[in-house]
Amino acid sequence: MHIIVCIKQVPDSAQIRVHPVTNTIMRQGVPTIINPYDLFALEEALRLRDEHGGEVTCVTMGPPMADNALRKCLTYGADRAVLLTDRFFAGSDTLATSYALALLIKKVAENWGEPDLIFCGKQTIDGDTAQVGPGIAKRLKLLQLTYVAKIEEFDLEKREITIHRRAEGGIQVLKTKLPCLVTMLEGTNEMRRGTMGDALRAARSEIITWNAAAAGITELALCGLKGSPTIVKKVYAPSPRAEKAYQIEVEDKSVDQICEALIGEVTKRQPGLEKDLVKTSSDY
Amino acid sequence: MNDKAPAPAAPAAGGTRASAKKELPDHLKSYKHVWVLVELERGVVHPVSWELMGEGRKLADQLKVDLCGVVLGPPGGTEKAVADCFGYGADVCYVVEHEALSEYRNEPYTVVATELVNKFQPEILLLGATNLGRDLAGSVATTLLTGLTADCTELAVDADGSLAATRPTFGGSLLCTIYTLNYRPQMATMRPRVAAVPVYVPGRTGKIIRHEVSLPEEDIITKILAFLPDATSNKSNLSYADVVVAGGLGMQNGDNFQLVRNLASVLGAEWGGSRPLVQKGWITSDRQIGQTGKTIRPRLYISAGISGAIQHRVGVEGADLIVAINTDKNAPIFDFAHVGIIADATKVLPALTESFRRRLAAASTLSAAE
Ligand SMILES: Cc1cc2nc3c(=O)[nH]c(=O)nc-3n(C[C@H](O)[C@H](O)[C@H](O)COP(=O)(O)OP(=O)(O)OC[C@H]3O[C@@H](n4cnc5c(N)ncnc54)[C@H](O)[C@@H]3O)c2cc1C
Ligand SMILES: Cc1cc2nc3c(=O)[nH]c(=O)nc-3n(C[C@H](O)[C@H](O)[C@H](O)COP(=O)(O)OP(=O)(O)OC[C@H]3O[C@@H](n4cnc5c(N)ncnc54)[C@H](O)[C@@H]3O)c2cc1C
């Protein structure tokens, strides 16, 4: 069995700051991490491999330094990692990204076998579009299962997979045929720590690195900025609200007095609300 | 964007991208009208579809074109949704009824949506940024090889008639406006609850265009084995609640969070919290409010012990009245709350719960006596 996991290296958003004057993202020195949602995908892939045998290949398209994220995948126990990196991919939107990743996956399949499953995260924490998974699936003409909360059954012999998919108001139980593309929901599993053996192997391993030509990508007009139909025209900071909050007087007041004053303020500003609350509230 | 170069959202890259000119190829010039894909599931339309209808109406009026609803569903199962499309402002409704469209599945929905677009050629196609909308939009945009802007909070038409779709980036600290200049349709998904549901006009009608499709079930590989509805008891309805009470780290511990729920209970309100509470396990993730949680739009939002970080702010700004309780007079939440109390939330909440309880009890006796 061969499983391919798509991972993206992203800036650790908790540490991103926006320059207060120029409105530019201050990326300098911001550490990068594996997109947290992708870890759920990777763990699920490793679990299936441990149960059914086979190999897990992690792939990413990104700058040369994205090999850090891939090496981390190896320490978790992935069998192989492939980095696609080339200046032609700069400025890719999701359509151009899915184009490059689909061709990368084809090349990986040529070298190490057709994948039975492809995993993606639900979305990234930077671009945050959730569009790349469906994009890859469509380009490879694969079935897609998105927002998967649980893999209920995985039958390699019958080539079938049954999953729980998060939908509005409930869970859809879906069954489909392999190969297919799965995007995993967060919180579905917990990432393993990886063994000492994996760590040693990761330290020794080469990250397989391809440029566009090596991956067989020749139609450069479909890549990067050129291949991206979306255009970012404007980036700006949200306009602040003019006035600050009206403060309820608290000096020398009892808590009850404060609450009365607050309720008075609420009823003044939302006149119809109290009447409706009488209808909806249950507990008095 | 791949990390290779500054992301397009990063101003540094703005130079090349922002200067792109509109050169629409001839075969795309005939694309016209604004479409909203109506999310009909198990007989119910997701409210985001009507929110989109309201926004779509403004775009269509500005472009002087029709606003069209697209309703896919089982045979005989679309009538109410179609009538509601007109009630909420559509001029035209494209209707496709088929057994295979009874419940959402990516394959048949993608086939039908793509077929409709190719045949009737809309210039703008809008979907909700829901699990259904995002699943479908990605497939349709890739099939059509057009641009798709994700999770927008604002839609507008600029001077030359192009769709300007704005979305928060980097956790809401910046906004970016994205265009699809040279491809059609221009596609976008919009976040639930960032726009208001428009006024419903009963009896309003429009033109219905039915489209026949061939979707043999044996050609559809993915099968639906079951639908397991969420237990209604623990399901939060935060996005659509009239009143929401939320707590943050200022509640100090998980036990104190009960004070938030008590007030919510008296008000018949929904309750939620900031993201750290999910990480601490005080609340479940479906109760998280903000950029990476729920967007809310209640008439009254009471926040207790929440600092008001930008990622929280973007999820609550649509509330009509925001009340904030925080011990720190410099907390950023007071920059966007309407009414503030600088006090200890663990003391104010129980008293407020009591005051509301008394007041509502009195009001209810009064209204019963009338
Ligand atoms: C602030 C901002 C806003 C943007 N808005 C839009 C927009 O509205 N429309 C648009 O088309 N583009 C947009 N982009 C560009 C988009 O982020 C890039 O195309 C990016 O390469 C992939 O999209 P994503 O990060 O949204 O991934 P998602 O679609 O959210 O990622 C889903 C999954 O796909 C896989 N994946 C994604 N990228 C890679 C990769 N490079 N290598 C391997 N696997 C990957 C991962 O498994 C990931 O979990 C935006 C970028 C930024 C920075
Ligand atoms: C990519 C990203 C996405 C994010 N998404 C979200 C999101 O969706 N939603 C979200 O909420 N956050 C989100 N965050 C986190 C966000 O940046 C803040 O860290 C978070 O909102 C802070 O939560 P808080 O206000 O509860 O805690 P704090 O910021 O620690 O604030 C606690 C507040 O309580 C006050 N306080 C202390 N004691 C009392 C008391 N006794 N009575 C009253 N007040 C008291 C303090 O003065 C302080 O203002 C996100 C962050 C990132 C990086």
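Residues numbered from 1 in each chain as written. Chains lettered and ligands numbered in written order. Predicted model: local features only at pLDDT ≥ 70, side-chain atom pairs only at ≥ 80, totals over all residues. Heavy atoms only, no water.

1. Remarks on the domain arrangement of chain B
Reports often express the size of an interface as the amount of accessible area lost when the parts come together. Residue and element names in this part refer to chain B. Domain annotation of chain B identifies domain 1 (28–219) and domain 2 (238–369). The gap between the C-alpha centroids of domain 1 and domain 2 is 33 Å. Taken residue by residue, the interface counts 14 residues in domain 1 and 10 residues in domain 2. Counting each side, the surface lost to burial between domain 1 and domain 2 is near 1000 Å², with a carbon and sulfur contribution of 47%. (Domains from an automatic or database assignment. Contact = heavy atoms within 4.5 Å. Buried area = accessible area lost by both parts, 1.4 Å probe.)

2. Some points on the site of ligand 2
Near ligand 2, the surroundings consist of 28 residues, among which B:S274, B:I289, B:T292, B:S307 and B:Q311 are the closest. Of the chains in the model, those with residues near ligand 2 are chains A and B. One of the side-chain N or O atoms of B:S307 is found 2.6 Å from an oxygen atom in ligand 2. B:N326 has a polar side-chain atom sitting 2.7 Å from an oxygen atom of ligand 2. When ligand 2 sits alone it has 980 Å² of accessible area, and the protein chains cover 81% of it. Of all the secondary-structure elements, those providing two or more residues to the shell around ligand 2 are α7 (275–279), α8 (310–316) and β17 (321–326) of chain B. Classifying every residue of the shell around ligand 2 by side-chain character gives 9 nonpolar, 16 polar and 3 charged. (Near = heavy atom within 4 Å. Polar contact = N/O pair within 3.5 Å; in protein donor to acceptor, adjacent residues only side chain to side chain. Areas by Shrake-Rupley, 256 points an atom, 1.4 Å probe, with all protein chains shown as cover. Helix = DSSP H or I, 4+ residues; strand = E, 2+ residues; numbered from the N terminus. Nonpolar A, V, L, I, M, F, W, Y, C, P; charged D, E, K, R; others polar.)

3. Here we look at the sheet that holds strand β14 (residues 243–247) of chain B
Strand-to-strand pairing in sheets goes through backbone hydrogen bonds, with the strands running parallel or antiparallel. Ordered in space as β15(A)-β18(B)-β17(B)-β16(B)-β14(B)-β15(B), the 6 strands form an open sheet in which the pairing is parallel. Strands with a single pairing partner mark the edges of an open sheet, and in this sheet they are β15 (246–247) of chain A together with β15 (270–273) of chain B. Both strand β16 (residues 300–304) of chain B and β17(B) contribute to a ladder of 5 bridges, which runs parallel. Looking across to β17(B), one finds that B:L300 is bridged to B:L321. (Pairing = 2+ DSSP bridges.)

4. A short note on helix α6 (residues 255–269) of chain A
With 15 residues, α6(A) ought to run about 21 Å at 1.5 Å a step, and its terminal C-alpha atoms sit 21 Å apart, in line with that. Residues of α6(A) that are buried: A:I258, A:C259, A:L262, A:I263, A:E265, A:V266 and A:T267. (Expected span 1.5 Å × (residues − 1). Buried < 20%, exposed > 50% of the residue type's maximum accessible area, 1.4 Å probe, protein only.)

5. Focus: the side chain of A:Q144
Mapped onto the elements, A:Q144 comes out in strand β9 (residues 143–155). Among the polar contacts listed, one links the side chain of A:Q144 to the side chain of B:D135, at a separation of 3.0 Å. Among the polar contacts listed, one links the side chain of A:Q144 to the side chain of B:S139, at a separation of 3.1 Å. Excluding residues that lie within four positions of it along the chain, A:Q144 makes contacts with A:P134, A:A137, A:L181, B:N106, B:D135 and B:S139.

6. A word on the sheet that holds strand β14 (residues 231–236) of chain A
The sheet built from 4 strands is open, its strands ordered β14(A)-β10(B)-β9(B)-β8(B) with antiparallel pairing. Because the sheet does not close on itself, it has two edges, and the strands there are β14 of chain A together with β8 (154–157) of chain B. Taken over all neighbouring pairs, the strand axes of this sheet differ in orientation by 25 degrees on average, direction set aside. Sitting on the sheet, helix α2 (residues 47–63) of chain B is in contact with β8 and β9 (163–169) of chain B, with an inclination near 15 degrees to β8(B). (Axes fitted to C-alpha atoms, helices over the stretch in contact; angles between N-to-C directions.)

7. Overview of the interface of chain B and chain A
Across the contact, 99 residues belong to chain B and 99 residues belong to chain A. When the two sides are added together, the surface that chain B and chain A hide from each other amounts to roughly 8900 Å², 59% of it contributed by carbon and sulfur. Where chain B packs against chain A, one counts 6 salt bridges. For the salt bridge of A:R166 with B:D230, the shortest nitrogen-to-oxygen distance reads 2.8 Å. Counting the contacts that link chain B with chain A gives 33 residue pairs in polar contact (both at pLDDT 80 or more). Looking at the side of chain B that touches chain A element by element, the count peaks at 14 residues for helix α9 (residues 345–369) of chain B. (Salt bridge = Lys/Arg side-chain N within 4 Å of Asp/Glu carboxyl O.)

8. Quick notes on the packing of helix α4 (residues 106–120) of chain B against helix α5 (residues 131–144) of chain B
Residue and element names in this part refer to chain B. At a minimum axis distance of 9 Å, the contact between α4 and α5 shows a crossing angle of 50 degrees. The angle between α4 and α5 falls in the class oblique. Pair α4 / α5 crosses with right-handed handedness. Packed against α4, whose contacting residues are N106, Y109, T110, A113, T114, V117 and N118, the element α5 presents D135, L136, S139, V140, T143 and L144 at the interface. The residue inventory of the contact of α4 with α5, partitioned by class, reads 6 nonpolar, 6 polar and 1 charged. (Parallel < 35°, antiparallel > 145°, perpendicular 65-115°, else oblique. Left-handed = near helix turned anticlockwise from the far one by under 90°.)

9. Some details on the packing of aromatic side chains
Residue and element names in this part refer to chain B. Taken as a whole, this structure holds 7 aromatic pairs over all chains when the rule is applied. Ring geometry for W35 against Y94: centres 4.7 Å apart, planes inclined by 40 degrees, an arrangement best described as tilted. Pair noted here: W35 is in strand β1 (residues 34–38) and Y94 is in strand β5 (residues 92–97), with a separation of 59 residues, a long-range link. Classification of W35 by relative accessible area gives buried; the value is 1%. The class for Y94 is buried, based on a relative accessible area of 7%. Arranged with centres 4.6 Å apart and planes meeting at 45 degrees, the rings of Y94 and F120 form a pair that is tilted. One end of the pair, Y94, is in strand β5; the other, F120, is in helix α4, with 26 residues separating them in the sequence. Note on F120: relative accessible area 23%, which makes it partly exposed. (Phe/Tyr/Trp six-rings, centres within 6.5 Å; stacked < 30°, edge-to-face > 60°.)

10. Observations concerning the environment of A:L222
All names here are of chain A. Considering the arrangement of structural elements, one finds L222 in the loop between β13 (208–210) and β14. Residue class for L222 comes out partly exposed when judged on its relative accessible area of 36%. Note: C-alpha distance between L222 and N211 (11 residues apart in sequence) is 15 Å. Apart from residues lying up to four places away in sequence, L222 is in contact with A96, Y99 and G227.

11. Points about the pairing of strand β12 (residues 180–184) of chain A
All names here are of chain A. Burial within β12 is extensive, with 5 of its 5 residues counted as buried. Here β12 shows a buried face lined by C180, V182 and M184 and a second buried face lined by L181 and T183. The pairing of strand β8 (residues 117–121) with β12 spans 5 bridges and is parallel. For L117, the partnering residue across the bridge sits in β12 and is C180. In terms of strand pairing, β9 meets β12 through 4 bridges, oriented parallel. From the neighbouring strand, V148 faces β12, where its bridge partner is M184.

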